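Remarks on the overall topology
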Amino acid sequence: MTDPFHVEFVPGVTPDKWLRVWSQRLPDSPLQAAPVEDADALAHLRDGTSSMALLRLPVDRDGLHVIPLYEEVPVVVVAKEHVIAAFDEVDVADLGEEVLMQDPALVPEWVAVATSEVRDRAAAMPPMTTKQAVSVVATGSGIVVVPMSVARLHHRKDVVHRPVTGVAPSRVGLAWRVDDDDPRIEDFIGIVRGRTERSTRGGGSDPTSPSGSDGPAGQRGNASSSKTSKPAKGARTSAGSRAHGAGSRRGQQTGRKGATRGGGPKRKGRR
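Quick caveat: nothing in here was measured; it's all calculated off a predicted structure.

Next up on the list: the nonpolar core. Core analysis: the biggest nonpolar cluster contains 33 residues, and Val76, Val77, Leu95, Trp110 and Val145 have the highest contact counts within it. Among the elements of the structure, strand 5 (74-79), helix 4 (116-123), helix 5 (130-138), strand 7 (144-147), helix 6 (148-153) and strand 8 (159-165) are those that each provide at least two residues to this core. Sequence-distant contacts of Val76, defined by excluding residues within four places in its chain, comprise Ile84, Val90, Leu95, Ile143, Val144, Val145, Val160, His161, Arg162 and Val164. Counting 32 residues, the second-largest nonpolar core is a separate cluster that includes Leu19, Leu55, Ile189 and Ile191.

Further remarks concern the confidence of the model for the protein. Mean pLDDT for the protein: 82, with 73% of residues reaching 70 or above. The low-confidence segment residues 208-212, where pLDDT is below 50, has 14 contacts with residues more than four positions distant or belonging to other chains.

This brings us to the packing of helix 1 (residues 16-25) against helix 7 (residues 184-192). Two numbers describe how helix 1 lies on helix 7: the axes approach to 9 Å, and their chain directions differ by 125 degrees. Compared by their axis directions, helix 1 and helix 7 come out oblique. Considering only the axes of helix 1 and helix 7, their crossing is right-handed. Within the contact between the two elements, helix 1 uses Trp18, Leu19, Val21, Trp22 and Arg25 and helix 7 uses Arg184, Asp187, Phe188, Ile191 and Val192. Looking at the contact of helix 1 with helix 7, its residues break down into seven nonpolar, no polar and three charged.

Criteria and thresholds
- Residues numbered from 1 in each chain as written.
- Predicted model: local features only at pLDDT ≥ 70, side-chain atom pairs only at ≥ 80, totals over all residues.
- Heavy atoms only, no water.
- Core = buried A, V, L, I, M, F, W, Y, C linked by side-chain atoms within 4.5 Å.
- Buried < 20%, exposed > 50% of the residue type's maximum accessible area, 1.4 Å probe, protein only.
- Helix = DSSP H or I, 4+ residues; strand = E, 2+ residues; numbered from the N terminus.
- Contact = heavy atoms within 4.5 Å.
- pLDDT = per-residue confidence, 0-100.
- Axes fitted to C-alpha atoms, helices over the stretch in contact; angles between N-to-C directions.
- Parallel < 35°, antiparallel > 145°, perpendicular 65-115°, else oblique.
- Left-handed = near helix turned anticlockwise from the far one by under 90°.
- Nonpolar A, V, L, I, M, F, W, Y, C, P; charged D, E, K, R; others polar.

This is the structure we're talking about:
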């Protein structure tokens, strides 16, 4: 029996559409897809736990091929009663007095606008998972800035999220080892890139060189499924889970509008 092909994906990424296509085209080739924390995705790829990984860029590309796939709009998560909840979107410059409940290095744009006192308070926070940080935010203490799909994944009734301008979009890419010659890698690349079943293997994957840049993101249409539902739980995705697609595209359309720092807040009121 053929060993399963292992693909891992970080929180917020939903590969269900691609998994369905795989099962239709390659019914005799088992594929196991499992969630992985952002911090572990590269290590699992390098030690062979996974053959391919859907992860957030940039990453250390040494010994890896990486294909950028799509971008997500960043959002700020706040308590439901927070003043930010009254707006459709907010500029990062308006968050300078809000304590960030995550590693400040993850949001350098916030570091640039935060007061020294607020930066010190954020630096003093103990390490937390995103789920834990959102729980703290729900009490009215601080904020979290994450990709929209991650905010949806950890959504609670006592928090809301709003698009935040002035913060770089989050990029998602597909990575695999340069020395891995498993032919199923090309099969999966073809599916992710939207090739038809009749396309020849290797006829257009054009893997990104490990020494190059992550490059521009591809078409968003290949990034996700077309409807929104609660994300699947457990070690593997279910064929019916569609947590990421429509919300991600809606977020991308809502994204950056060219707001500049300074000259007062750039908030847009909710009607």
